[in-house]
Amino acid sequence: MAHSSYLTSQLHELLSYLNHRGVATFLVVAQSGIMGSNVVSPIDASYLADSVVVLRYFEHAGKVKKAISVLKKRTGPHEESIREMWFDDRGGSHLSEPL
């Protein structure tokens, strides 16, 4: 983006406008790097969010599995655990006990 330095302020203005109109907005950011500790977002707009939920992969017993955790919740306490997440063939989603 030619004017990427303005992206954060433009996002803030857009999200404020949508919020005043009663619109729930979900921002999805693709991260570079699928696994490991060097996972980086192209832009840090987390301060704009009320909640930050991280979906990631981990390896266990020779399989790649999915995990979910909450990094930020603007109001009230949130659970700090990481849980495995999986889906069944009937369209159900499931969470494990904390890992």
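One can find the structure itself at the top, above this paragraph.
Residues numbered from 1 in each chain as written. Predicted model: local features only at pLDDT ≥ 70, side-chain atom pairs only at ≥ 80, totals over all residues. Heavy atoms only, no water.

Draft legend 1. Local environment of the overall build of the protein. Helices and strands together make up the secondary structure of the protein, namely one helix and four strands. Element order for the protein, N to C, with α for helix and β for strand: α-β-β-β-β. Counting only residues that meet the buried cut, the protein has 15% of its 99 residues in that class. Within the protein, contacts between residues at least 6 apart in sequence are counted, and of these 18% link residues at least 24 apart. Counting every atom, the protein has about 8,200 Å² of accessible surface; 56% of that belongs to carbon and sulfur. (Helix = DSSP H or I, 4+ residues; strand = E, 2+ residues; numbered from the N terminus. Buried < 20%, exposed > 50% of the residue type's maximum accessible area, 1.4 Å probe, protein only. Contact = heavy atoms within 4.5 Å. Areas by Shrake-Rupley, 256 points an atom, 1.4 Å probe, with all protein chains shown as cover.)

Draft legend 2. Spotlight on the pattern of salt bridges. In total, this model carries two salt bridges according to the counting rule given. In this structure, Arg90 engages Asp88 in a salt bridge whose closest nitrogen and oxygen atoms are separated by 3.6 Å. (Salt bridge = Lys/Arg side-chain N within 4 Å of Asp/Glu carboxyl O.)

Draft legend 3. Broad picture of helix α1 (residues 7-20). Its 14 residues give α1 an end-to-end C-alpha distance of 20 Å, which sits within 8% of 20 Å, the value for a rise of 1.5 Å per residue. Buried within α1 we find Thr8, Leu11 and Leu15. All buried residues of α1 lie within an arc of 55 degrees about the axis, which places them on one face of the element. Relative to its buried face, α1 has exposed residues pointing more than 90 degrees away, namely Glu13 and His20. Positive backbone phi, at 80 degrees, marks Gly22, one or two positions downstream of α1. (Expected span 1.5 Å × (residues − 1). Arc of directions from axis to C-beta.)

Draft legend 4. Fine view of a nonpolar patch on the surface. A surface patch of nonpolar side chains, amounting to about 240 Å² of accessible area, comprises Val53, Leu55 and Val70. Mapped onto the secondary structure, Val53 falls in strand β1 (residues 51-60). A relative accessible area of 48% places Val53 in the partly exposed class. (Patch = residues over 30% accessible without salt bridge, like charges linked within 9 Å, V, L, I, M, F, W, Y side chains within 5 Å.)

Draft legend 5. Highlighting the sheet that holds β1. With antiparallel pairing, the four strands of this open sheet are ordered in space as β1-β2-β3-β4. What marks the edges here is a single partner per strand, and that holds for β1 and β4 (93-98). For this sheet, the mean inter-axis angle between neighbouring strands, taken without regard to orientation, is 35 degrees. (Pairing = 2+ DSSP bridges. Axes fitted to C-alpha atoms, helices over the stretch in contact; angles between N-to-C directions.)

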